[in-house]
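Understanding the architecture of this molecule
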Amino acid sequence: MARKIVAKKSAIHGDGVFATEAIASGERVVRYKGKLRSHEDVDTLYGEQPEDGHTFLFTLNEDYVIDANVDGNVARFINHSCAPNCEAVVHQNKNGKRHKDKIQIEAIRDIAAGEELTYNYGIVLHEPHTARLKKLWLCRCGSPQCTGTLLQPKRSKKAQPPD
Ligand SMILES: C[S@@+](CC[C@H](N)C(=O)[O-])C[C@H]1O[C@@H](n2cnc3c(N)ncnc32)[C@H](O)[C@@H]1O
Ligand SMILES: [Zn+2]
């Protein structure tokens, strides 16, 4: 499926990924690839680096993170949007082998050739959204629905469905 997309300069941020042909709603566009690391390894490797709001890390599940800094593919250049045309879907391994779970970027509506592909990164920080963090995670998706930030609201306890 990767033949239908190309990475190039984006008005949202740096490089983005664009459709070179029409993509139908529901189509699997590309798998998010990279080195599989434990959360502990990621903390050790990157925890000391100053936060700059740029990441190629994708949380796969409670055990693993996909680190697209190493062995990453074109999917790592897909930007975030508050009105995305794709979503990132975690496909769980049927035998519960968490290291075999996969992330697929899938179209959630028909996408025309030339459109930039985006998905909602769904970043939820558990710390307070300080002015510094809001500035780091400023959203430039440009959609009318833009919330101005890549950070998603923390889940309110009241909004949680009953167990
Ligand atoms: C996975 S990279 C996407 C590729 C990125 N454009 C690049 O050239 O490296 C994710 C980073 O891109 C930037 N980014 C993605 N979507 C953005 C948006 N809507 N507004 C501002 N920055 C964005 C942020 O720095 C984010 O951490
Ligand atoms: Zn936005």
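Residues numbered from 1 in each chain as written. Chains lettered and ligands numbered in written order. Predicted model: local features only at pLDDT ≥ 70, side-chain atom pairs only at ≥ 80, totals over all residues. Heavy atoms only, no water.

1. Examining the coordination of the zinc ion (ligand 2)
- Surrounding the zinc ion (ligand 2) are the protein donor atoms Cys82 (SG), Cys139 (SG), Cys141 (SG) and Cys146 (SG), which sit 2.3 to 2.4 Å from the metal.
- Every donor counted, the 4 donor atoms about the zinc ion (ligand 2) form angles of 103 to 113° at the centre, which fits tetrahedral coordination.
- Between consecutive donors of the zinc ion (ligand 2), the numbers of intervening residues give the motif C-x56-C-x1-C-x4-C.
- Judged by its relative accessible area of 28%, Cys146 is partly exposed. (Donors = N, O, S within 2.8 Å, 3.2 Å for Na, K, Ca; no water. Tetrahedral: all angles 85-135°; square planar, octahedral: opposite > 155°, others 65-115°. Buried < 20%, exposed > 50% of the residue type's maximum accessible area, 1.4 Å probe, protein only.)

2. A word on the pattern of salt bridges
- As enumerated under the stated definition, the model contains 7 salt bridges in all.
- Here Glu106 and Arg28 are joined by a salt bridge, their closest N and O atoms 3.6 Å apart. Placement of the pair is Glu106 in strand E9 (residues 102-107) and Arg28 in strand E3 (residues 28-31), with a sequence separation of 78 residues.
- Judged by relative accessible area, which is 42%, Arg28 ranks as partly exposed.
- One salt bridge in this structure joins Glu115 and Arg109, with 2.8 Å as the shortest N-O distance. (Salt bridge = Lys/Arg side-chain N within 4 Å of Asp/Glu carboxyl O. Helix = DSSP H or I, 4+ residues; strand = E, 2+ residues; numbered from the N terminus.)

3. What to know about the site of ligand 1
- Taken together, the neighbourhood of ligand 1 is formed by 20 residues, with His13, Asp15, Gly53, Arg76 and Asn79 sitting nearest.
- Residue Asp15 places a main-chain N or O atom 2.7 Å away from a nitrogen atom belonging to ligand 1.
- Here Arg140 contributes a backbone N or O atom positioned 2.8 Å from a nitrogen atom of ligand 1.
- Protein chains bury 93% of the 570 Å² of accessible surface belonging to ligand 1 in isolation.
- When each cavity is represented as a set of grid points, ligand 1 is found to reside in the largest pocket.
- Its residues placed into classes, the shell around ligand 1 shows 10 nonpolar, 7 polar and 3 charged. (Near = heavy atom within 4 Å. Polar contact = N/O pair within 3.5 Å; in protein donor to acceptor, adjacent residues only side chain to side chain. Areas by Shrake-Rupley, 256 points an atom, 1.4 Å probe, with all protein chains shown as cover. 1 Å grid on protein atoms, 1.4 Å probe; cavity = no way out; pocket = protein on both sides within 12 Å on 5 of 7 lines; lining within 4 Å. Sits in = over half its atoms within 2 Å of the grid points. Nonpolar A, V, L, I, M, F, W, Y, C, P; charged D, E, K, R; others polar.)

No statement about biological role is implied by the geometric values presented.
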